[in-house]
There are 2 protein chains.
Amino acid sequence: MLSYDIKKADSDSLYHYLYKCIKKDILSGVLPADEKLPSKRPFAVHLGVSVITVENAYAQLLAEGFIYTEPRKGFFVSAIDTGKTFGHLQSATQANLKQSREAQNYSEDQFSNFYKNSIGKPASPQKYLADFVNNQVDPESFPFSTWAKNMRKIICENQKELLEPSPYGGLMGLRKSIAKFLRGFRNMDVDPSQIIMGAGTDYLYGLLVQLLGFDKKYGVEDPGYSKISKIYRKMNVVCNFIPMDASGVIIDQLEETCTDVIHISPSHHFPSGIVTPVSRRYELLSWAAKSSNRYIVEDDYDSEFRMVGSPIPAMKNIDVMDKVIYINTFSKTLTSSARFSYMVLPKPLAKKFHEEFSFYACTISTLEQLALAKFIDDGSFEKHINRMRNLYRGRRDTLLHAISKSKLSHLVEISEENAGLHFIMRIQTRLSDEEFCKRAEEKGVRIGALSDYYTEASPSEHQFIINYSALSSKKLDKALNALYEVAVS
Amino acid sequence: MLSYDIKKADSDSLYHYLYKCIKKDILSGVLPADEKLPSKRPFAVHLGVSVITVENAYAQLLAEGFIYTEPRKGFFVSAIDTGKTFGHLQSATQANLKQSREAQNYSEDQFSNFYKNSIGKPASPQKYLADFVNNQVDPESFPFSTWAKNMRKIICENQKELLEPSPYGGLMGLRKSIAKFLRGFRNMDVDPSQIIMGAGTDYLYGLLVQLLGFDKKYGVEDPGYSKISKIYRKMNVVCNFIPMDASGVIIDQLEETCTDVIHISPSHHFPSGIVTPVSRRYELLSWAAKSSNRYIVEDDYDSEFRMVGSPIPAMKNIDVMDKVIYINTFSKTLTSSARFSYMVLPKPLAKKFHEEFSFYACTISTLEQLALAKFIDDGSFEKHINRMRNLYRGRRDTLLHAISKSKLSHLVEISEENAGLHFIMRIQTRLSDEEFCKRAEEKGVRIGALSDYYTEASPSEHQFIINYSALSSKKLDKALNALYEVAVS
């Protein structure tokens, strides 16, 4: 049986240590593809840990695609093709592990649960029994007093700095704070000069087209969030819709459509909730490495809101060929009305950006940049993240509990409930998706179907997207009952 | 002799009333082209007003190009071709006059002096005896306490509103405040829905290309501010440099280069300081009216900082064919570190924008939009403008006085000193512009040449741009002496 010296775990949590040991053996080939992993209970006894520890480690490996499961047979090692174009994978993995070790100084909590949905839909004008489409933060959770105090302090104490225009990429102080944050929370080793601040991801997508070229062919996930393709289209570039399988975008389709730049959210796909497993990630990196024109835009919009286990590592972490442009937003953790986004450019692109785009003015005011930097540096942000994770987990649990107690429970199947701030609910009904949503709305429940997000015919009938970040529990039972009535109507 | 019933002036200042009467007669043809206007002194006696009143009225008409002057001969009516494509000019003029009348409720002071330079160059890292390149506002002039108080109030009182994302065009409250402001200060009749807010003019230029089309040919002034052409080029559209004569861009060159969209600053050209006279304005509007593809981008970056007389009216005011896109910025009046810009779209374009671009998120945070709206609405902005105008006029006067007292005075000729926040100083020297600037910098004086802004060979040797908005008077005499030494070296 596999054996690891669990005493070496130190301050690292046991499950995370075990997860890292097994991951290392998979990546190094010690554990070959399709090898069966020990059953949980005997493995736990063997290692002298609890069954929960083994379960959690397996769950994390499963979520990231290092292992797969066969019902009633157990867990097996996935086939991960890392060797093809990555001769120096070993050293990359080493670097990765080194980062993981550095990250031991941070609590597990810090790793979890960070950004809110990057998709700010306007608040519903009407009142619903339940609104599963709204994905905003509610006013009570914004740290008003801290934010106001910080702003006041900055206006009083930083008057000179406040009136200096920010460099085009953002204030260096803020970029340093974000680099430190990415090291702690996302295990990413990033130089502040690689970080470019912008007033919203919409703005950054447009800037990216200018940087990568109007002659490139861009690709987006199908299904996916329609705004992204709209922006590429408005920027007058070719934008292909790339079909997905259960692991993410299909590589053959990238080749077939001659896509140069693929825009994906591998850590938590919207709307399906898919986590792209590590094998597909390496395939994507390998695809990108084949041409200097090719890049991967990693839109990491809510990966840190994983409710169970550690967040899925960013693709940027295994990006030894400098092919990944990492994009994320701060706005949504705080409030969707703030405009804080950033991208992390590969070093050669960062150099190009600084040489050719430095004439642009930064789109975020100096005051707000100083306020955000202070909020991160003094620990307020970390506190806020922890608070929000607990809040959202509570909302999710309340909802799941209410569903399980309702008549609806016999008609539904829930998936992807551990990541992001929405899950997928498959509902047995004879109604079409469109008809279902329409009738639900008539009964006061706003709900959206997964099929709405496909450009082609959807293979996902009767799957609905349940956003719960802004959900009130007051009329939940009534709302679920209404859904039941619609489903059987 | 011309006769006007000066008693009708009411609350309007006499000179402004006289200016409007003459302007009306020029536009209606009562005063034909090349007609000589009465000499100032007899005209003043005839009307029963002071000579200063007539002088000021003539100066304003001259600045706007309604009249021209011949040395020792007097003032003559300009040839203004308004009739060609503008059948309903008369009604437009009427509307114009109606607006002027509405504007009588505002004091003359309010009309003057508004935005600071839209061109935020980073503060000089070195200390200079004088820095004529730096065009920033200094920290002391920012209304910190009012701004801080407003922010605190908003955070305390508008929590719900504060967390709602702004509509893509900006908060309606702010757009209404701006529309009201434009009516009062710029005599413009604009519907709030025509106003689109954006985090900086750079951002808005990019948005305009998306709105007007990547297939259009864009044109910029030559000489001009190089950033504008850089942005068009980065947006991957054709950008022609259109040569200028003493009235602005040359229309024939627009035709010859097949330019569709011309980007100009008719009320105060940078860097030459030229004010495009009303005849050329009508010619430009007439050019634009010839094709549905054609538009004029009116970049009104500092027109309100006219130090003498009323601000030059915006082209948008005589834009009866809806061909002018008006762009301006708030950031610079307050501080170059804030990001408040807006554009006023012609109604058909506004409709297109709302239909096709509403998926975009606004790039300014809700908090800062609320703060700006409050600042305008409670009158703080108006107070601030008046304060800044006085400050800048003081700096200009100090500088002009110091020059007149210096040895340099015999070698220089100053022009365009009544508009914007810079003027042009022609210096007699045998040095090339490049050599002059280099030697001046060695002696601690930072100065830029007009010729630097031409793409082609410059017809403007030995003309230098003197920015004075951030100028300290402490070492001014030393600085002017240093320039003298360079000039004669």
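Given the structure is predicted, the values throughout are model-derived calculations rather than measurements.

Calculation rules
Residues numbered from 1 in each chain as written. Chains lettered and ligands numbered in written order. Predicted model: local features only at pLDDT ≥ 70, side-chain atom pairs only at ≥ 80, totals over all residues. Heavy atoms only, no water. Pairing = 2+ DSSP bridges. Helix = DSSP H or I, 4+ residues; strand = E, 2+ residues; numbered from the N terminus. Contact = heavy atoms within 4.5 Å. Axes fitted to C-alpha atoms, helices over the stretch in contact; angles between N-to-C directions. Disulfide = S-S within 2.5 Å. Buried < 20%, exposed > 50% of the residue type's maximum accessible area, 1.4 Å probe, protein only. Least-squares fit on C-alpha atoms with pLDDT ≥ 70 in both. Salt bridge = Lys/Arg side-chain N within 4 Å of Asp/Glu carboxyl O. Buried area = accessible area lost by both parts, 1.4 Å probe. Polar contact = N/O pair within 3.5 Å; in protein donor to acceptor, adjacent residues only side chain to side chain. Nonpolar A, V, L, I, M, F, W, Y, C, P; charged D, E, K, R; others polar.

**Student:** Please clarify how the sheet that holds strand β7 (residues 248–249) of chain A should be interpreted in this entry.
**Tutor:** Strands belonging to one sheet form pairs held by backbone hydrogen bonds; the direction of such a pair is parallel or antiparallel. Residues and elements named next belong to chain A. With respect to topology, eight strands assemble into an open sheet ordered β4-β11-β10-β9-β8-β5-β6-β7, the strand pairing being mixed. Each end of this open sheet is capped by a strand with a single partner; those strands are β4 (195–198) and β7. When β4 meets strand β11 (residues 341–344), the two strands line up antiparallel, connected through four bridges. Bridging across to β11, methionine 197 finds its partner in tyrosine 342. Sitting on the sheet, helix α8 (residues 172–186) is in contact with β4, β10 (324–329) and β11, with an inclination near 110° to β4.

**Student:** Explain the state of the cysteines to me, please; I cannot follow it from the model alone.
**Tutor:** Cysteine pairs can be covalently joined through their sulfur atoms, and such a bond is termed a disulfide. As enumerated under the stated definition, the model contains zero disulfides over all chains in all. Distance from the sulfur of B:Cys362, which forms no disulfide, to the nearest cysteine sulfur (A:Cys362) is 15 Å. By relative accessible area, B:Cys362 is classed as buried at 3%.

**Student:** Looking at this model, I keep getting lost on the relation of the copies chain B and chain A. Mind explaining?
**Tutor:** Both copies of the chain are related through a single rotation about an axis accompanied by a shift along the same axis. With an axial shift of 0.0 Å and an RMSD of 0.1 Å, the rotation relating chain B to chain A amounts to 180°. The transformation relating the two chain copies, once decomposed into turn and shift, fits a two-fold axis.

**Student:** Explain the pattern of salt bridges here, please?
**Tutor:** When charged atoms on two side chains of opposite charge get close, those side chains can pair. Residues and elements named next belong to chain B. For the coordinates displayed, the defined rule picks out 38 salt bridges over all chains. A salt bridge links glutamate 55 to lysine 40; its shortest N-O distance comes to 3.8 Å. Linking glutamate 55 in helix α3 (residues 51–63) with lysine 40 in helix α2 (residues 40–47), this pair joins segments that are 15 residues apart in sequence. Classification of lysine 40 as partly exposed rests on a relative accessible area of 27%.

**Student:** Help me understand the interface of chain B and chain A, please; the structure alone is not making it clear to me.
**Tutor:** Every contact between the two is made by 45 residues of chain B and, on the other side, 45 residues of chain A. For the pair chain B and chain A, the two sides together bury roughly 4,100 Å², of which 68% comes from carbon and sulfur. Among the residues chain B hides against chain A, the three largest losses belong to B:Leu163, B:Lys234 and B:Phe359. Together they make up 19% of the total. Between A:Lys234 and B:Glu356 there is a salt bridge, and its shortest N-O distance comes to 2.9 Å. At the junction of chain B and chain A, the tally comes to 14 residue pairs in polar contact (both at pLDDT 80 or more). Of all the secondary structure elements, the ones that give two or more residues to the side of chain B that touches chain A are α6 (144–157), α7 (159–162), α9 (201–212), α10 (226–234) and α15 (366–377) of chain B. Looking at the side of chain B that touches chain A element by element, the count peaks at six residues for α6(B). Broken down by class, the residue content of the side of chain B that touches chain A amounts to 24 nonpolar, ten polar and eleven charged.

**Student:** Help me understand the environment of B:Asp189, please; the structure alone is not making it clear to me.
**Tutor:** Residues and elements named next belong to chain B. For aspartate 189, the location among the structural elements is in the loop between α8 (172–186) and β4 (195–198). The class of aspartate 189 is exposed, set by a relative accessible area of 55%. Distance from aspartate 189 to alanine 179, taken between C-alpha atoms, is 7.5 Å for residues ten residues apart in sequence.

**Student:** What should I look at first to understand the pairing of strand β2 (residues 74–77) of chain B in this one?
**Tutor:** Consecutive residues of a regular strand have side chains that alternate between opposite faces of the sheet. All names here are of chain B. One ladder, built from four bridges, connects strand β1 (residues 67–70) with β2; its direction is antiparallel. What sits directly across from threonine 69, in β2, is phenylalanine 75. What sits between β1 and β2 in their antiparallel hairpin is a turn of three residues, with arginine 72 showing a positive phi close to 65°.

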